[in-house]
Amino acid sequence: MDFLNAIILLLNYIFVPALAYGSQLAIGAIFVTLIYGILRFANFATGDMMSFGTMVAILFTWYFQSIGLTIGFLPTALLAIPFAILFMGLYMLIIDKFVFRYYRLNKSPPVQLAMVSIGVMFVTQAVVRIIIGPSDRRFFDGEKFLIRANDFKEMTGLNEGLAIKSTQVITIVVTIILVSTLFWFLNRTKTGKSMRAYSDNEDLALLSGIDPKKIVMITWMIAAILATIGGVLYGLDKSFKPFTYFNNMLPIFAAAIVGGIGNPFGAFLGGYVIAFSEILLTYAYKKFFMYILPESMEPDGLVQLLSTDYKFAVSFSILVIVLLYRPSGIFKGKIL
Amino acid sequence: MRKNLNVIAAYSIMMGLIILVGIFQSWNIALSIFNLCLISAVMTMGANIQWGYAGLINFGIMGFTALGGLAAVLISVNPVQEAWSAGGTNILLSLFLIIGIVLAVRFVLKRYQKSKIRNYIIAAIIISGIIIIRLVSEPGIEAIEEVNPARTGFLGGLGLPIIFSWIVGAFFAGGLAFVIGKVALGLRADYLAIATLLISEIVIAIIKHEDWLTRGVKNVIGLKRPAPYEVNLQETEWFINLVEKFNSGKLALISDLSERQAALNQFVIEGSSVFVKLCYSGLFLVVVIILLILTQKALYSPWGRMMRAIRDNEEAANAMGKNVVKQHLLIFVLGSAIVGIAGAMLVTQDGLFTPGSYRPLRYTFLIWVMVIVGGSGNNFGAILGGFVVWFLWIESAPIGLYLVNLTTAGLEDTHFLKVHLIESVPYFRFLMMGIGLLLIMRYRPKGILPEKIEIK
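Residues numbered from 1 in each chain as written. Chains lettered and ligands numbered in written order. Predicted model: local features only at pLDDT ≥ 70, side-chain atom pairs only at ≥ 80, totals over all residues.

1. As for the overall build of chain B
- Summing up its helical and strand segments, chain B has 19 helices and zero strands in all.
- Structurally, chain B occupies a C-alpha span of about 90 × 60 × 55 Å along its principal axes.
- When burial is assessed residue by residue, chain B has 40% of its 456 residues classed as buried.
- A fraction of 82% describes how many contacts in chain B between residues 6 or more apart in sequence connect residues 24 or more apart. (Helix = DSSP H or I, 4+ residues; strand = E, 2+ residues; numbered from the N terminus. Buried ≥ 20, exposed ≤ 12 C-beta atoms within 10 Å, placed from the backbone. Contact = placed C-beta atoms within 7 Å.)

2. Describing the nonpolar core
- In terms of nonpolar packing, the biggest core is built from 209 residues, with Ala-254 of chain A together with Val-42 of chain B touching the most fellow members.
- Of the residues forming this core, the biggest block, 16 residues, is contributed by helix 2 (residues 27-53) of chain B.
- With nine residues, the next largest nonpolar core counts Val-80, Ala-83, Val-147 and Phe-154 of chain B among its residues. (Core = buried A, V, L, I, M, F, W, Y, C linked by C-beta atoms within 7 Å.)

3. Focus: the packing of helix 10 (residues 242-258) of chain A against helix 11 (residues 264-282) of chain A
Residue and element names in this part refer to chain A.
- Where helix 10 meets helix 11, the axes come as close as 7 Å, and the angle between the chain directions of the two elements is 125 degrees. The angle between helix 10 and helix 11 places the two elements in the oblique class. The crossing of helix 10 and helix 11 is right-handed. Residue-level contacts link Pro-251, Ala-254, Ala-255, Ala-256 and Val-258 of helix 10 to Ala-267, Gly-270, Gly-271, Val-273 and Ile-274 of helix 11.
- Looking at the contact of helix 10 with helix 11, its residues break down into eight nonpolar, two polar and no charged. (Axes fitted to C-alpha atoms, helices over the stretch in contact; angles between N-to-C directions. Parallel < 35°, antiparallel > 145°, perpendicular 65-115°, else oblique. Left-handed = near helix turned anticlockwise from the far one by under 90°. Nonpolar A, V, L, I, M, F, W, Y, C, P; charged D, E, K, R; others polar.)

4. So, the domain arrangement of chain B
Residues and elements named next belong to chain B.
- As assigned here, chain B comprises domain 1 (2-79 + 156-443) and domain 2 (83-155).
- For domain 1 versus domain 2, the distance between C-alpha centres works out to 34 Å.
- Between domain 1 and domain 2, the contact holds seven residues from the first and nine residues from the second. (Domains from an automatic or database assignment.)

5. So, the interface of chain B and chain A
- Contacts between the two partners involve 33 residues from chain B and, on the opposite side, 36 residues from chain A.
- For the side of chain B that touches chain A, the leading source of residues is helix 7 (residues 189-209) of chain B, giving 13 residues.
- Tallied by class, residues from the side of chain B that touches chain A come to 26 nonpolar, three polar and four charged.

Now the structure itself:
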């Protein structure tokens, strides 16, 4: 019984939250990695692009709510996502046309493109804050919990409850659907294959008749889908605040590099590596040990490896270690 | 003279703008803009050395600034004796342990061949070391943080004049840069950018949460000043006389004696804060000029030539027998040290240290906008960039408000769009920075004052 309690405890406080957070990071990391692999620059506007997509989704959600359009126990924001993606795609194409295209055609060094993306970051941030303001916004509606902690306790008779928020389930389900579709697209369709070929060797791809304009446009479209969905899922699970989204760029970058930048599958797993290590290292295991150890050996302290203040620092330290020992990432991305 | 015409013109326009602010808004605002422009100029000089001379991207400017600020605290605050006696020994012991770990790792690295076992040994040393340090330091940290937590709760500093911290801040930042450089300088440019950005976040996390060292988010206020205090000035004879002399024209117009006294008092209060700001301006100006002379000398020295050679073609420079790795490390340390000076200056001017205020947007990306806009590789350009961008950063709110009022003139004052736009005026600065950066990158990629190399 105690053993079961301990497992439920870990599931409740580590496994489920980390899985949801990891999925959100993974989507962002795939976004970074695609831009890096195909357009060949580190996109510092990642977080703000995600917040732009989320903002549009929130505006649509408000509109739907005001006309009384909801989808039962699911959050209305899910309904808003397709519209938000359209807007986001338009925004991305406009940015590409007026900003990035010039440097791409001139074959500027990646550093210059990264600098330009900082300009885009500033502009996007300003647009988001001017339209929706810098404050914290919750736009979740519908059923909050799939399983409540108390219900679970009653159902199983255990001491520990397992609470599963519906946003966590939505996050995980949507991530699975999105990522499997994306990998199917990249690996099985002709366009996806040509994208990978372009990422692998631009000149060879051009020689085999792949149209770079089309590749770039599709990349931006996929990026728009990833940015919007990733942003909305994070916002549903936590809350929407432009500044937090900007900061999320950092663990997302860490995930992309840890997984091997330019490698979408690596980025996907990298998200979970970062999320799990952040939560595993900063969780206080006192209660866990109280369940599995005999009473005489119970720990005095919190049995916490690092204080939760260092959550971000953990992921960045992992990144530094990976860069030191395996600069191409765990799953072999591009060699730096 | 002629070839420097654009430099002189650009700087005169900039000074003119600041003077206009002084005339139309107030001299206080103008001087505080000017002071922060000077600090920004020091930061851009640091970033410019790394980017403009050597082509290294350092997105960790925020971390170095914060370390400079930390130096200001550790140098100037009086030591808290109680805290030292409560937990000082534990902290010192942990410090020795850290040194011990580093030495042990070095020893293992030197002694044994590269192998898997060596990696495991190093990992074991580090992990066990961290656990031991935690065990040793925890009681000490708790004891220190319990000493009068509302006012101190940290170890305090050395109690020296704060001006020393400018040099110490440079050493702190340089030391960190040495470590980062050893780790990350081998990476490709954009990875270096990401790595430094993340490392600077780690630095901030430590400064924010190690309360025994920095008081964390509780902030350290009331730091010592290198300049006189306003309150003291207002009671000093010579200062009142000076103000009286300065404003004699205006005072003479007032006939009533008590009114004249009241007016004089007002002038003295205003004058005192202007005077204090002028003191800071003088100090900062000295630093900027010294750094400018040094960096200009370095730029035109054989060393500067070598740096440019490395920047423009690393392989060729390497083939000519230049040690690229060593030079990159050197310039990374130097540039970061200058940023550290700026960090200490910033805290000195504010008189308080607020770890929560270090955000990458303000302290990393904005500085980069300054370098790019001003002109990378050109020291005068970098300084000008610091001035222009900081000026716009501050003045964009009034400009934005003016523009909003102009474009929505047809709407009623209560119209929701107008109200909303006026509320979001502070964010126009981001828009302005972004558009400015994009335009400069596109149409004048070398900045306002481009780099020009003359062979002397």
